[in-house]
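Each chain, written out:
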Protein chains: 2
Amino acid sequence: MSIRIGIVGYGNLSRGVESAITQNEDLSLEAVFTRRDPSGISIRTASAAVVSVDEIEAWQDKIDVLVLGGGSATDLPMQTPKYAELFNVVDSFDTHARIGEHFANVDAAAKKGGKVGIISIGWDPGMFSLFRMVSDAVLPEGKNYTFWGRGVSQGHSDAIRRIEGVKDARQYTVPVKESVDRVREGKNPELTTRAMHTRECYVVAKEGADLAKIEKEIKEMPNYFADYDTTVHFISEEELKRDHAGLPHGGFVLRSGVTGMERENQHIIEYSLKLDSNPEFTGSVIAAYARAAYRMSAEGQTGCKTIFDIAPAYLSAKSADELRHSLL
Amino acid sequence: MSIRIGIVGYGNLSRGVESAITQNEDLSLEAVFTRRDPSGISIRTASAAVVSVDEIEAWQDKIDVLVLGGGSATDLPMQTPKYAELFNVVDSFDTHARIGEHFANVDAAAKKGGKVGIISIGWDPGMFSLFRMVSDAVLPEGKNYTFWGRGVSQGHSDAIRRIEGVKDARQYTVPVKESVDRVREGKNPELTTRAMHTRECYVVAKEGADLAKIEKEIKEMPNYFADYDTTVHFISEEELKRDHAGLPHGGFVLRSGVTGMERENQHIIEYSLKLDSNPEFTGSVIAAYARAAYRMSAEGQTGCKTIFDIAPAYLSAKSADELRHSLL
């Protein structure tokens, strides 16, 4: 019998989880839960139901793991603790400053309900966190660097769209190659925000909008753009649809560390991702951790877990024996 | 109180573990156990004892984790099961074809003694295995590639030294850049042994030896060199000492996989290592897993574990809270 998955929400990430489930024979999508009118939503998994989130409690014995596809700003801080009391859950909470608080809330709820709640799963936080942590433990004397891109930042794209006169926009985060190369060469540079990434903006302006004003507002926007070298390209709606429809992303985590009685030897560890689709890769990571949530719960574990607390074998559909034989 | 480590043997790997222990405040080296005359061995840790391996049983209550620094051919198949009954142990067993058998032997012994035995720790098997397994679970439809080098292969260097007329030798395994690039570009090539690596040999010949004959013997040696494009350079003993004294190594594991309802999106994951010292990096990985062995044993776990069975948090000296705050 397969592990029965439910998904709350049906945005890009939820659809990424949906397609990932089709790649894992031991997982099956049972239902998508929505705040909207279910009749207005058509999903791609014929066998799965579309249900109002108000009816979710009735699904407790029909769902093994509930994936929360919502956003970190407002959805997950409420939803993950709420549903962790009723279901094993997995979310992709990525508001770094609030992870401690989120962990505590999910942990209390999951323990109360006797469930497992896995938070902050994806690639960063997620795969990148895993490799930062393992590299830090293996080379305790060293320095971590994380570069993102080249890829689309949804948050920065949205920030541009909120500017008056902007019809649509896409923002690419781009690592500064010279800085990456210096880290790869083991030079351990001290890098400012500006030295690590640049920002490329593709903007569709409304009829008769003041382009100079838009460009100035973007480049001076605090937190989002002011600390970066930002370039703004005004393009047509057709160009945006044609050349910027996808959501590619990626990046790399590097650790440079030393060993030896005199710390005379240097080592560089690099983990990199080149992703055609950010939400589909994130959804694939979540699918593997949904499997882990089910197995850990079946063993009687409860409470909130992060990627650091989960033995890798829980992620794979393969048996321990097969893993040792084929991948060790 | 720190975690008390013992090491069996004092070769390159054991010395790598010794220096790694000096980089981890919660670990302390208590003793090195040797089959030779202890008085003939001087180690670099003043506070640690050098003891005959015949007296090792007397150290059961003075050692928390025993690291086995021996080789996979003859030492570890005997030593790891033998000592897993008496101590929590970590080894770097790397004879892939015999891992199943070794696991079973260590598992039985460790369970009998109520200890934890962690096998096949290092970078391959080890970090590379972890990466291969996690990538395989996250992108179930894809292809793995493992490239080694540029680095010194001890086994191949030894094979050359056994040839008549050879005084000393160093063999470098070198990945074929064109093949690596094709994998990085997502072309999923089918690669032969020859297409993945070349072999560079630096050989010091004895006075009056037949160089042509040595070169022919190397290039035609089955398993080691026959299937590779091999280059042989004859150099002086001085050159060998001057230019080839170190034991650098490294390599990269790549996974290329697809996602999407139509499998229309491609993703490339790469994990790479650039190591100045193979034994010191391996020793650093072993030190982190020695910490894990101690903690898992303290929790009452027993039996044989591989890198797949161990939650990452066990590897770090940092608290779970600190890990979530600083590395998630």
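Visitor: Explain the packing of helix 1 (residues 12-21) of chain A against helix 10 (residues 278-298) of chain A here, please?
Guide: When two helices pack together, their arrangement is given by the angle between their axes and by how far apart the axes lie. Residues and elements named next belong to chain A. As a packed pair, helix 1 and helix 10 sit with axes 7 Å apart at the nearest point and diverge in direction by 60°. The angle between helix 1 and helix 10 places the two elements in the oblique class. Relative to helix 10, the crossing made by helix 1 is right-handed. From helix 1, N12, L13, G16, V17, S19 and A20 reach across to helix 10, where they touch P279, E280, T282, G283, S284, I286 and A287. Counted by class, the contact of helix 1 with helix 10 contains six nonpolar, six polar and one charged residues.

Visitor: It is not clear to me how the relation of the copies chain A and chain B should be interpreted in this structure. Could you clarify?
Guide: Both copies of the chain are related by one operation, a rotation about an axis with a shift along it. Take chain A, turn it by 180°, move it 0.0 Å along the axis, and it overlays chain B with an RMSD of 0.1 Å. Accordingly, the operation relating the two chain copies is best matched by a two-fold axis. An overlap of 100% is found between the interface residues of chain A and their copies at the interface of chain B, pointing to a shared contact surface.

Visitor: I keep staring at the nonpolar core and nothing clicks. Help me out?
Guide: The nonpolar side chains of a soluble globular protein tend to be buried with one another. The biggest cluster of nonpolar side chains holds 158 residues, and the ones touching the most others in it are Y289 of chain A together with Y289 of chain B. Every residue in contact with Y289 of chain A, bar those within four places of it in the chain, is listed here: V90, I118, I121, M127, I307, I310 and L315 of chain A.

Visitor: Hey, could you run me through the sheet that holds strand 1 (residues 3-8) of chain B in this one?
Guide: Residue and element names in this part refer to chain B. An order of 3-2-1-4-5-6-14 is seen for the seven strands of this open sheet, with the pairing classed as parallel. Unpaired on one side and paired on the other, strand 3 (49-52) and strand 14 (303-305) mark the two borders of the sheet. Strand-to-strand twist across the sheet, computed as the mean angle between neighbouring axes with direction ignored, equals 25°. Pairing of strand 6 (residues 116-118) with strand 14, which is carried by three bridges, proceeds in the parallel orientation. Across the sheet, residue G117 finds its bridge partner in strand 14, namely C304. In this fold helix 1 (residues 12-21) packs onto strand 1, strand 2 (27-34) and strand 4 (65-68), with an angle of close to 165° to the strand it touches most, strand 1.

Visitor: Please explain the interface of chain A and chain B as it appears in this structure.
Guide: It is common to give the size of an interface as the accessible area that goes away when the parts come together. Between chain A and chain B, the contact holds 66 residues from the first and 66 residues from the second. Summing the contributions of chain A and of chain B, the shared interface buries around 6100 Å²; its carbon and sulfur component is 62%. The tally of links from chain A across to chain B stands at two salt bridges. The closest approach of N and O atoms between K318 of chain A and D136 of chain B, which form a salt bridge, is 2.7 Å. Of all the secondary structure elements, the ones that give two or more residues to the side of chain A that touches chain B are helix 3 (99-113), helix 4 (127-138), strand 12 (249-259), strand 13 (265-275), helix 10 and helix 11 (320-326) of chain A. A per-element tally of the side of chain A that touches chain B places strand 13 of chain A first, with eleven residues. Class assignment of the residues belonging to the side of chain A that touches chain B gives a composition of 32 nonpolar, 19 polar and 15 charged. Relative to strand 13 (residues 265-275) of chain B, strand 13 of chain A runs antiparallel, the two being bridged by nine bridges.

Visitor: Any chance you could explain empty space enclosed by the protein here in plain terms?
Guide: With a probe scaled to a water molecule rolled over the atoms, the places where space remains empty come into view. Within this structure, the stated rule accounts for one cavity of 30 Å³ or more. One number sums up the size of the largest cavity: a volume of about 30 Å³. F131, S135, V253, L254, R255, I269, E270 and Y271 of chain A together with Y271 of chain B are the residues that line the largest cavity. Only helix 4, strand 12 and strand 13 of chain A provide two or more residues apiece to the lining of the largest cavity. Taken together, the residues that form the lining of the largest cavity break down as six nonpolar, one polar and two charged.

Visitor: When you look at the sheet that holds strand 7 (residues 142-148) of chain A in this model, what are you seeing that I'm missing?
Guide: As summarised here, the arrangement of the six strands in space is 7(A)-12(A)-13(A)-13(B)-12(B)-7(B), forming an open sheet in which the pairing is antiparallel. If you trace the sheet from one side to the other, it starts and ends with strand 7 of chain A together with strand 7 (142-148) of chain B, each paired once. On average, each strand axis in the sheet is inclined to that of its neighbour by 10°, with strand direction left out of account. Across seven bridges, the pairing between strand 7 of chain A and strand 12 of chain A is antiparallel. Bridge pairing links T146 of chain A to V253 of chain A in strand 12 of chain A. With respect to the sheet, helix 4 of chain A is in contact with strand 7, strand 12 and strand 13 of chain A together with strand 13 of chain B, its orientation differing from that of strand 12 of chain A by roughly 5°.

Calculation rules
- Sequence order as written defines the numbering, with residues in each chain counted from 1.
- Written order determines the labels here, with chains lettered from A and ligands numbered from 1.
- Where local features are concerned, this predicted model is filtered to residues with pLDDT of at least 70; where side-chain atom pairs are given and counted, the filter is 80 or more; whole-chain, interface and lining totals use all residues.
- Side-chain metrics in this entry use all non-hydrogen atoms of the structure; hydrogen atoms and water are not considered.
- To obtain an axis, a line is fitted to C-alpha atoms, over the contacting stretch when the element is a helix, and the angle between two such axes runs from 0 to 180 degrees between their N-to-C directions.
- In this description a helix means any DSSP run of H or I spanning at least four residues, a strand means any run of E spanning at least two, and both kinds are numbered starting from the N terminus.
- Any angle that is under 35 degrees is reported as roughly parallel, and any over 145 degrees as roughly antiparallel; angles of 65 to 115 degrees are reported as roughly perpendicular and all others as oblique.
- Crossings are assigned a handedness: left-handed for a near helix turned anticlockwise from the far helix by less than a right angle, right-handed for a clockwise turn.
- Every residue pair with non-hydrogen atoms within 4.5 Å of one another is taken to be in contact.
- Think of it as three bins: nonpolar holds Ala, Val, Leu, Ile, Met, Phe, Trp, Tyr, Cys and Pro, charged holds Asp, Glu, Lys and Arg, and polar takes everything else, Gly as well.
- All copies are superposed by least squares; the fitting set is the C-alpha atoms of residues with a pLDDT of at least 70 in both.
- Residues belong to one nonpolar core when they are buried, are Ala, Val, Leu, Ile, Met, Phe, Trp, Tyr or Cys, and are joined through side-chain atoms within 4.5 Å.
- Relative accessible area decides the class of each residue, using a 1.4 Å probe on protein chains only: under 20% of the type maximum gives buried, over 50% gives exposed, and in between gives partly exposed.
- Here, a strand pair is defined by DSSP locating no fewer than two bridges between the strands.
- Simply put, the buried area is the total loss of 1.4 Å probe accessible area from both parts when two parts are fitted together.
- A pair is scored as a salt bridge if a Lys or Arg side-chain nitrogen falls within 4 Å of a carboxyl oxygen belonging to Asp or Glu.
- Think of a 1 Å grid over just the protein atoms. A cavity is a set of points where a 1.4 Å probe fits yet cannot get out, a pocket is an open set with protein on both sides within 12 Å along at least five of seven lines, and lining residues have an atom within 4 Å of a point.
- Grid points are joined across faces, edges and corners, and a volume is the space filled by probe spheres set on the points.

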